[in-house]
Amino acid sequence: MRINAELDQPVTVHASILDWIPSPAAGVDRKMLYREGAEVARATSIVRYAPGSAFPGHVHSGGEEILVLDGTFQDEHGDYPAGTYFRNPPGTSHSPAAADGCIIFVRLWQFREGDEAQIVRTPGKGNPAGLRQGVASALTLFDDGAERVLLEEWVPGAEVLLANPRGLELLVLKGTFAAGGELLAEQSWQRFPAGKDLTAEAGANGASVWIKDAPLQHADVLQMPA
């Protein structure tokens, strides 16, 4: 399966209008934003756990990156409310579930060789990041030099410029912004290859945006099993 797999092309997906697709686990559905592969895949998705649902325990052979969008995501290590960001590097494992249901944004098989940092950022936690024009607040969730992950709050009505020397990926968490002739709202996702800068105008209520500044695929990305 290949979905938005042309990494040299800009992509915009309005995930809020996509249908949910059942996963192999009962009560766990997903919206596929990017995918290369079958059930084991290099993938970016929005995943919904119905109340009381669970996914079988598994090892993250290619790494897993998650932002909890709604509800509380759970595993044997703890409970993770909306706004929690974490990285489970290759070799880690868990048995995810959601007693009351949840929605998460998840990226699989996109870790690099040697990326072994296990990170859990609870809501509102991170390192303060520099502010650009139109940005009211910014937190760095992860930065190892090869990639940087941010949460930004954009000022209502402001113009915001994102320089893009190596690749950009964005997910709208709240509010809206306009860019490239499109209006992006909650669960809208964009991806830009290096060199495609983004100029956006925040909506009347501003915007909360998750941002990844990194190559769309690292040169030393972990290889999928044959």
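Scope of this entry: the structure provided in the associated data block. (Residues numbered from 1 in each chain as written. Predicted model: local features only at pLDDT ≥ 70, side-chain atom pairs only at ≥ 80, totals over all residues. Heavy atoms only, no water.)

Tallying secondary structure elements over the protein gives zero helices and 22 strands in all. Expected size for 226 residues packed as a compact globule is a radius of gyration near 17 Å; at 17 Å, the protein falls within 12% of this value. Dimensions of the protein along its principal axes, counting C-alpha atoms only, are 45 × 35 × 35 Å. Residues classed as buried in the protein amount to 47% of the 226 residues present. Long-range contacts, defined as pairs at least 24 residues apart, comprise 66% of the intrachain contacts of the protein with a sequence gap of at least 6. Split by element, the accessible area of the protein, about 10100 Å² in all, is 52% carbon and sulfur. For the protein, the distance from the average position of its 18 positive side-chain charges to the average position of its 29 negative side-chain charges is 2 Å. (Helix = DSSP H or I, 4+ residues; strand = E, 2+ residues; numbered from the N terminus. Rg over C-alpha atoms; globule rule 2.2 N^0.38 Å. Buried < 20%, exposed > 50% of the residue type's maximum accessible area, 1.4 Å probe, protein only. Contact = heavy atoms within 4.5 Å. Areas by Shrake-Rupley, 256 points an atom, 1.4 Å probe, with all protein chains shown as cover. Lys, Arg positive; Asp, Glu negative; His and termini not counted. Charge placed at Lys NZ, Arg CZ, Asp CG, Glu CD.)

Let us now look at the nonpolar core. The biggest cluster of nonpolar side chains holds 20 residues, and the ones touching the most others in it are W154, L162, L170, F177, L198, V209 and I211. Of all the elements, strand β22 (residues 198–213) adds the most residues to this core, at six residues. Among residues more than four places away in sequence, those in contact with I211 are R148, V149, L150, E152, W154, L162, L168, E169 and L170. A5, V13, Y34 and I103 belong to the second-largest nonpolar core, a separate cluster that totals 18 residues. (Core = buried A, V, L, I, M, F, W, Y, C linked by side-chain atoms within 4.5 Å.)

This brings us to the packing of aromatic side chains. Both the distance between ring centres and the angle between the ring planes are used here to describe each pair of aromatic rings. Summed over the entire model, instances satisfying the criterion amount to six aromatic pairs. Residues Y49 and F73 carry aromatic rings whose centres are separated by 5.7 Å and whose planes lie at 75 degrees to one another, so their mutual orientation is edge-to-face. On the criterion of sequence distance, the pair formed by Y49 in strand β5 (residues 41–49) and F73 in strand β8 (residues 64–75) is long-range, its members being 24 residues apart. This pair shows no difference in class: Y49 is buried, exactly as F73 is. Judged by centre distance (5.0 Å) and plane angle (50 degrees), the ring pair of W154 and F177 falls under tilted. Of this pair, W154 sits in strand β17 (residues 148–154) while F177 sits in strand β19 (residues 168–179); the two residues are 23 residues apart in sequence, bridging distant segments of the chain. (Phe/Tyr/Trp six-rings, centres within 6.5 Å; stacked < 30°, edge-to-face > 60°.)

Next up on the list: the environment of V149. Among the secondary structure elements, V149 is positioned in strand β17. You can call V149 buried: its relative accessible area is 0%. Other than its neighbours up to four places away in sequence, V149 contacts E65, Y85, R87, L139, T140, L141, F142, W210, I211 and K212.

Turning next to the pattern of salt bridges. One pass over the structure, following the stated rule, counts 16 salt bridges. With a closest N to O distance of 2.7 Å, D144 and R112 form a salt bridge. With D144 in the loop between β16 (135–143) and β17 and R112 in the loop between β13 (102–108) and β14 (119–121), this residue pair connects regions lying 32 residues apart in the sequence. A relative accessible area of 11% places R112 in the buried class. Ionic pairing is found between E147 and R112, a salt bridge with its closest N-O pair at 3.7 Å. Of the two residues, E147 sits in the loop between β16 and β17 while R112 sits in the loop between β13 and β14, which places them 35 residues apart along the sequence. As far as burial versus exposure is concerned, E147 and R112 are alike and both buried. What you see here is one network of salt bridges that share partners, running through E65, R87, R107, R112, D115, D144, E147, E169 and K212. (Salt bridge = Lys/Arg side-chain N within 4 Å of Asp/Glu carboxyl O.)

Spatial relationships are all this shows, so hold off on functional conclusions.
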